[in-house]
Amino acid sequence: MAEPGTHEFDVVASEDIHIGRVVGLRVDDVVMPGGKVGRREIVEHLGAVAIVAIDDDEQVTLISQYRHPIGRRLLELPAGLLDVAGEDPMVTARRELREEAGLTAERWDTLADVAASTGFTDEVVRVYLARELTVVDREIAAGDEEADIVLTRMPLAEAVRRVLAGELINGATVSGVLAAHAVLTGAAKPRPADAPWRDRPTAFAKRKHGG
């Protein structure tokens, strides 16, 4: 048996179980240390972006949105899928901030790349910090699910308190709020907006868009 940390987890077979609009489910047969083959279920995802929009008073904009798997409305960051073929994530982020929050931003940085649950899905969300904000008209179609969104502004410190109280539970929101607090208090520096994104999901995008 190879030394720990050196084994190559080769895929010897793969089966598609479901290919949907937003995700795909496949099962891979993977060679384990010692030669046995294990089956691993993987949910493929397009990937997404989320935005921590901070105004001059250090207020953050959150949205209240119904999340069917959880069964209730959650307070989250404005966010959106990377569902346009070939689109730069920053372009997606700018559009989602305008559509969901009615904001544009002149200053952008990368805060965090958040893997949703690496045990079963390749979903990763890039979280941006947006500053120097301008209020604009929101652009949500009347029949869209997002027409039910309610905007909430609160001090970033209050958002941090709600994270630690278990009141904000969305993964990208938790990570983004805490990372933004670290940046604004001087404890850390953000990455450039165009920082390399090593773990951006690609498998499902290739299914949907080719390439």
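Residues numbered from 1 in each chain as written. Predicted model: local features only at pLDDT ≥ 70, side-chain atom pairs only at ≥ 80, totals over all residues. Heavy atoms only, no water.

S.K.: What is the right way to read helix 3 (residues 171–184) from this model?
M.R.: Owing to its 3.6 residues per turn, the α-helix aligns residues three or four sequence positions apart on the same side. In a regular helix each residue adds 1.5 Å, so 14 residues correspond to 20 Å; helix 3 covers 20 Å between its end C-alpha atoms and thus fits that length. Restricting attention to buried positions, one finds in helix 3 the residues Ala-172, Thr-173, Gly-176, Val-177, Ala-179, Ala-180 and Val-183. On the buried face of helix 3, the contacting elements are strand 4 (48–53), strand 5 (59–67), strand 6 (72–76), strand 8 (103–115), strand 9 (124–135) and helix 2 (156–164). If you check the start of helix 3, you find a side-chain oxygen 3.2 Å away from the backbone N of Ala-172, and it comes from Asn-170. (Helix = DSSP H or I, 4+ residues; strand = E, 2+ residues; numbered from the N terminus. Expected span 1.5 Å × (residues − 1). Buried < 20%, exposed > 50% of the residue type's maximum accessible area, 1.4 Å probe, protein only. Contact = heavy atoms within 4.5 Å. Polar contact = N/O pair within 3.5 Å; in protein donor to acceptor, adjacent residues only side chain to side chain.)

S.K.: Help me out: how do you make sense of the pairing of strand 6 in this one?
M.R.: Sheet faces and side chains relate simply in a regular strand, where the side chains alternate between the two faces. Strand direction decides the pairing type here: strand 5 and strand 6, joined by five bridges, are antiparallel. Each residue of the ladder has a partner; that of Gln-65, found in strand 6, is Leu-74. Between strand 5 and strand 6, which follow one another and run antiparallel, lie four residues, and Gly-71 among them has a positive phi close to 85°. (Pairing = 2+ DSSP bridges.)

S.K.: Please clarify how the sheet that holds strand 10 (residues 150–155) should be interpreted in this entry.
M.R.: Backbone hydrogen bonds hold the strands of a sheet together, and the pairing may be parallel or antiparallel. Read from one edge of the open sheet, three strands run 6-5-10, paired in antiparallel fashion. What marks the edges here is a single partner per strand, and that holds for strand 6 and strand 10. Strand-to-strand twist across the sheet, computed as the mean angle between neighbouring axes with direction ignored, equals 30°. In terms of strand pairing, strand 5 meets strand 10 through six bridges, oriented antiparallel. Its bridge partner lying in strand 10, Gln-59 is registered against Pro-155. Against the sheet, helix 2 engages strand 5, strand 6 and strand 10, with an angle of about 100° to strand 10. (Axes fitted to C-alpha atoms, helices over the stretch in contact; angles between N-to-C directions.)

S.K.: Got a minute to help me understand the pattern of salt bridges in this structure?
M.R.: Where side chains of opposite charge bring their charged atoms close, a pairing between them can arise. Under the defined criterion, the tally for this structure stands at 18 salt bridges. Between Glu-76 and Arg-67 there is a salt bridge, with the nearest N and O atoms lying 2.8 Å from each other. Of the residues examined, Arg-67 reaches a relative accessible area of 29% and is grouped as partly exposed. Notably, a salt bridge pairs Asp-113 with Arg-191, separated by 3.3 Å at the nearest N-O pair. (Salt bridge = Lys/Arg side-chain N within 4 Å of Asp/Glu carboxyl O.)

S.K.: What should I look at first to understand the environment of Glu-100 in this one?
M.R.: Along the chain, Glu-100 turns up in helix 1 (residues 89–101). Relative accessible area serves as the criterion here: at 2%, Glu-100 is assigned to the buried category. Sequence spacing of Glu-100 and Val-60 is 40 residues, and the spatial spacing of their C-alpha atoms is 14 Å.

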